[in-house]
Amino acid sequence: MVGCGGDSSSDDAGGSGGAAGSGGGSAGSGGTGGIGGAGGTDGGFVHACKDPKPILVNGQPTGLESCGTSAARRAESTTCPELMPRASACTATQLDCTTDADCTAAPHGYCAFSAAGFMQPSVCGCRYGCTQDSECPQGQACLCGEPTGQCVLADCATSAECTSGFDCVTAYGDCTGKQLHCQQPADECGSADDCPNGYCGVGPQGNFVCLGSGCGAAGG
């Protein structure tokens, strides 16, 4: 499969992708739901998706639903909408690009801003994303976002691959480590709403736990 390089720093949840494809699911037990997929809203799972709402990019569906703060479930795999080329120019101390049109080394290129920090200047640099799972390597999937999709680690492609009552979810938003992973009974959180000082992500034991912010200030 074809990989896509790069990683987003300040572009909402989408940013650029590194790679793609999608893996299998893991699981637990419970109810059903989601945009055409399995869900966890009516089976008694304490960390079931909260108040799910479709996540849109430029008014178009992404196959994702929000699950509280900084969390999303993937109900279906779809071609991600894109916002490029954008009219605005990127400005920073170091300019490796100024507009999306400068980023042509691979498909789905865009010019992204990275904030200064750790003795490093602010930078405008090219990132490269994806729009379909097939553009990502094995074990990854194309997670839709702005301005394009991002290839992320994935052991499930949609909630349908998880045990009934559990969803295929990921942290979603700025300063989070994105990974599509099936919920399970051992999960300690369902979204950042359960984590006052961070976000809900996949821990070293493979269950969802509260993790510290993925960046010092703004970013993604």
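Structure shown above.
### Remarks on the pairing of strand β1 (residues 53-57)
- Across 4 bridges, β1 lies against strand β2 (residues 60-66) in antiparallel orientation. Each residue of the ladder has a partner; that of V57, found in β2, is Q60.

### A look at unusual backbone geometry
- The omega torsion across M84 and P85 is -5°, close enough to zero to call that bond cis.
- Note on placement: P85 falls in the loop between β3 (71-74) and β4 (94-95).
- Even without being a glycine, S70 presents a positive backbone phi close to 55°.
- The residue S70 is located in the loop between β2 and β3 in this model.

### Quick notes on the pattern of salt bridges
- For the coordinates displayed, the defined rule picks out 6 salt bridges.
- Among the salt bridges present, the one from K53 reaches D51, with a minimum N-O distance of 2.3 Å.
- Take K53: its relative accessible area is 42%, and that puts it in the partly exposed class.
- Note that D167 is salt-bridged to R73, the shortest N-O span being 3.0 Å.

Reading the values: the criteria
Residues numbered from 1 in each chain as written. Predicted model: local features only at pLDDT ≥ 70, side-chain atom pairs only at ≥ 80, totals over all residues. Heavy atoms only, no water. Pairing = 2+ DSSP bridges. Helix = DSSP H or I, 4+ residues; strand = E, 2+ residues; numbered from the N terminus. Salt bridge = Lys/Arg side-chain N within 4 Å of Asp/Glu carboxyl O. Buried < 20%, exposed > 50% of the residue type's maximum accessible area, 1.4 Å probe, protein only.

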